[in-house]
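So you can see what is in the structure, the chains are spelled out below.
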Amino acid sequence: MEWSRPAWVEVDLGILATNVRLIRADLPAAVQLLYVVKDEAYGMGAVQAGQVALREGATHLAVYTLEEGAVLRAAGIRAPILILGERVPEEVAGVLELALIPCVSSLEMARRFSEAGVARGRPVTVHVKINTGMNRFGLPWREVSSWTPALLELRGIEAGGVLSHFAQSDEEDKTFARLQRQRFEDCLRVWKAAGGRVPLAHLCNSGGFLDLPEAHFDMVRVGLLAGGVYPSSVCRRIPGIQPALSVRTRVIAIQHLETGDTVGYGMRWRADRPSRIAVLPVGYGDGFPRVRNQGAALISGRRASLVGGVAMDALTVDVTEFPEVGVGTEAVLMGRQGDEEIPAQELARLKQSVTYDVLVGWRRRLPRVYRNSEAGPA
Ligand SMILES: *Cc1c(COP(=O)(O)O)cnc(C)c1O
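Here the structure is a predicted model, which means the values were calculated and not measured.

Peer 1: Please explain helix α1 (residues 13-26) as it appears in this structure.
Peer 2: A turn of α-helix holds 3.6 residues, and therefore any two residues three or four places apart point the same way. Between its first and last C-alpha atoms α1 spans 20 Å; for 14 residues at 1.5 Å apiece the expected length is 20 Å, and the two agree. In the core, the buried residues of α1 are packed alongside β1 (7-12), β2 (32-36), α3 (46-55), α9 (206-211), β10 (219-222) and β21 (368-371). The distance from a side-chain oxygen at the start of α1 to the backbone nitrogen of G14 is 2.9 Å, and the residue carrying that oxygen is D12.

Below, the structure is given as structure tokens:
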């Protein structure tokens, strides 16, 4: 049986499909689209979101963990899946079993995959990851002349691609991004001159896709933007892209307060007039920022201010001016209602974090409800 909770994450797969279609249409035909579905496609559900994106023109998916790759394969997804980040030797067998494409960031791991490829008698396709300044994963760009021949002499692996990752692509100042692009190109030149193949070169995330067309190479890796959220306030806008994920709930109780009464733990809010308070059954245990007397919910298409502190399981809003609101009225904690919107950016400010963190922060405790799952290609 389906347990239903009056609080849920709503994923509009029709909006997601439109976003992917718009991103695809914005790219030159020769540039492929990889959709990054790590961490449940930023909270939307990796299988559902991945299937929609593949239908709308994405050619590849990417995950960060073997488990995430296994879930996609178990759902019958056959598309190429890149596994980002770096692997440990214990993961080599699993990568092969799931037919994932590993990124190699070190000669040690390249050797492990090489041995595995030799052992099974068929080369393992890998993507060579170059560190051009992010300084997290990748073979160092400064040492390209030494690792290139070492990689190229390994049997049992073949390069299906070469990639790097931007440290900063969505800010106004693109100086460092351009430097990274230059380093990447220099490395590609050395690699090719030594006989290395580059079936797919890729560097861009959402910010790079939007603002650095000169860095698109053969493929872009888009995550956040497919869900309709922009990586920053300054990057280029594509008309029609909208957030696919929203967080909704229903009023679970109404409290009538007299002047001087307080609300919640620590009595952090005191009524300065007779007040009506709506209780919404979502708290920091669901991923809502743990704020007090800050933030809002949308009810009846208007903003109702959050009063008191957010508890683990509930938050409270002032609905004194909303006589129509009662138990069961729908409220929106992130997303649109009528003409009003609470964007992910607003919650990111409350959380003193980034939109990425807000999206993946909505806990599994909130069931995912899918809308427009039948939305097919245009
Ligand atoms: C997460 C990730 C992306 C996608 O970034 P977005 O900003 O969400 O588009 C691309 N490449 C790598 C290596 C990543 O880790």
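Peer 1: Explanation requested: the packing of helix α7 (residues 144-152) against helix α8 (residues 175-193) in the structure shown.
Peer 2: The geometry of a pair of packed helices is captured by two quantities: the angle between their axes and the separation between those axes. Two numbers describe how α7 lies on α8: the axes approach to 10 Å, and their chain directions differ by 40°. Regarding the angle of α7 to α8, the classification is oblique. Viewed along their axes, α7 and α8 form a crossing whose handedness is right-handed. Contacts between α7 and α8 pair V144, S145, W147, T148, L151 and L152 from the former with C187, V190 and W191 from the latter.

Peer 1: Mind showing me how you'd approach the site of the ligand here?
Peer 2: Taken together, 14 residues lie around the ligand, and K38, Y42, S206, L224 and Y356 are the ones closest in. At 2.8 Å, a side-chain N or O of R221 approaches a nitrogen atom of the ligand. If the ligand stood free it would expose 390 Å²; the protein chains cover 96% of that surface. Judged by its atoms lying within 2 Å of the grid points, the ligand is housed in the largest pocket. Mapped by element, the contributors of at least two residues to the shell around the ligand are α2 (38-43) and β10.

Peer 1: When you look at the layout of surface pockets in this model, what are you seeing that I'm missing?
Peer 2: The probe, sized like a water molecule, is rolled over the atoms to show the empty space still left. Of the pockets and cavities examined, the largest pocket occupies roughly 480 Å³. As for the largest pocket, its lining consists of 26 residues, and the residues nearest its centre are K38, H165, F166, N205 and Y356. Of all the secondary structure elements, the ones that give two or more residues to the lining of the largest pocket are α2, α9 and β10. Class assignment for the residues of the lining of the largest pocket results in 12 nonpolar, 8 polar and 6 charged.

Peer 1: Whenever I open this one, empty space enclosed by the protein confuses me. Can you help?
Peer 2: Scanning the model with the defined rule gives 2 cavities of 30 Å³ or more in all. If you add up the space inside the largest cavity, you get close to 80 Å³. Every residue lining the largest cavity is counted, 14 residues in all, and those nearest its centre are M44, L224, G227, V229 and L359. Within the residue set of the lining of the largest cavity, elements represented by two or more residues are β2 and α2. Residues of the lining of the largest cavity, tallied by class, amount to 12 nonpolar, 2 polar and no charged. The space that makes up the second largest cavity amounts to roughly 40 Å³. Lining the second largest cavity are K129, I130, N131, T132, M134, R136, F137, S164 and H165.

Peer 1: Explanation requested: the domain arrangement of the protein chain in the structure shown.
Peer 2: Interfaces are frequently sized by the accessible area removed from exposure as the parts join. Taken domain by domain, the protein chain consists of domain 1 (13-227) and domain 2 (245-342). The straight-line distance from the C-alpha centre of domain 1 to that of domain 2 is 42 Å.

Peer 1: Hey, could you run me through the nonpolar core in this one?
Peer 2: The biggest cluster of nonpolar side chains holds 122 residues, and the ones touching the most others in it are L16, Y35, F113, V128, F288 and W362. Broken down by element, this core gets its largest block of residues, 6 residues, from α1. When residues are assigned to domains, this core turns out to be shared by domain 1 (13-227) and domain 2 (245-342), each giving three or more. By size, the runner-up hydrophobic cluster in this structure holds 6 residues, among which are L257, W269, I277 and V307.

Peer 1: Sorry, what's going on with the sheet that holds strand β12 (residues 253-257) here?
Peer 2: Within a beta sheet, neighbouring strands are joined by backbone hydrogen bonds and run either parallel or antiparallel to one another. Ordered in space as β12-β15-β18, the 3 strands form an open sheet in which the pairing is antiparallel. Each edge of the sheet is formed by a strand with only one pairing partner; in this case those strands are β12 and β18 (315-318). Between one strand and the next, the sheet's axes are offset by a mean angle of 30°, whatever the strand orientation. Judged from the 4 bridges that link them, strand β15 (residues 275-280) and β18 form a sheet pairing that is antiparallel. The residue bridging L280 from the neighbouring strand is L315, located in β18.

Peer 1: Any chance you could explain the pairing of strand β11 (residues 245-250) here in plain terms?
Peer 2: On any regular strand, side chains alternate: one points to one face of the sheet, the next to the other face. With respect to burial, β11 is a largely interior element, 5 of its 6 residues being buried. Pairing of β1 with β11, which is carried by 5 bridges, proceeds in the antiparallel orientation. Within the sheet, the bridge partner assigned to V9 lies in β11 and is V247. Bridge count between β11 and strand β19 (residues 330-337): 4 bridges; the pairing is antiparallel. Bridge pairing links R250 to E330 in β19.

Peer 1: Mind showing me how you'd approach the packing of aromatic side chains here?
Peer 2: A ring pair, where both rings are aromatic, is described by two values, the distance of the centres and the angle of the planes. With the rule as written, the count across this model stands at 4 aromatic pairs. Consider the rings of Y42 and Y356, whose centres lie 6.0 Å apart with planes at 45°: the pair is tilted. Note that Y42 is positioned in helix α2 and Y356 in helix α11 (residues 355-361), a separation of 314 residues in sequence. Take Y356: its relative accessible area is 31%, and that puts it in the partly exposed class. Note on F288 and W362: the rings are 6.4 Å apart at their centroids and 55° apart in plane angle, and the pair reads as tilted.

The rules behind these values
Residues numbered from 1 in each chain as written. Predicted model: local features only at pLDDT ≥ 70, side-chain atom pairs only at ≥ 80, totals over all residues. Heavy atoms only, no water. Helix = DSSP H or I, 4+ residues; strand = E, 2+ residues; numbered from the N terminus. Expected span 1.5 Å × (residues − 1). Contact = heavy atoms within 4.5 Å. Polar contact = N/O pair within 3.5 Å; in protein donor to acceptor, adjacent residues only side chain to side chain. Axes fitted to C-alpha atoms, helices over the stretch in contact; angles between N-to-C directions. Parallel < 35°, antiparallel > 145°, perpendicular 65-115°, else oblique. Left-handed = near helix turned anticlockwise from the far one by under 90°. Near = heavy atom within 4 Å. Areas by Shrake-Rupley, 256 points an atom, 1.4 Å probe, with all protein chains shown as cover. 1 Å grid on protein atoms, 1.4 Å probe; cavity = no way out; pocket = protein on both sides within 12 Å on 5 of 7 lines; lining within 4 Å. Sits in = over half its atoms within 2 Å of the grid points. Points joined across faces, edges and corners; volume = space filled by probe spheres on them. Nonpolar A, V, L, I, M, F, W, Y, C, P; charged D, E, K, R; others polar. Domains from an automatic or database assignment. Core = buried A, V, L, I, M, F, W, Y, C linked by side-chain atoms within 4.5 Å. Buried < 20%, exposed > 50% of the residue type's maximum accessible area, 1.4 Å probe, protein only. Pairing = 2+ DSSP bridges. Phe/Tyr/Trp six-rings, centres within 6.5 Å; stacked < 30°, edge-to-face > 60°.

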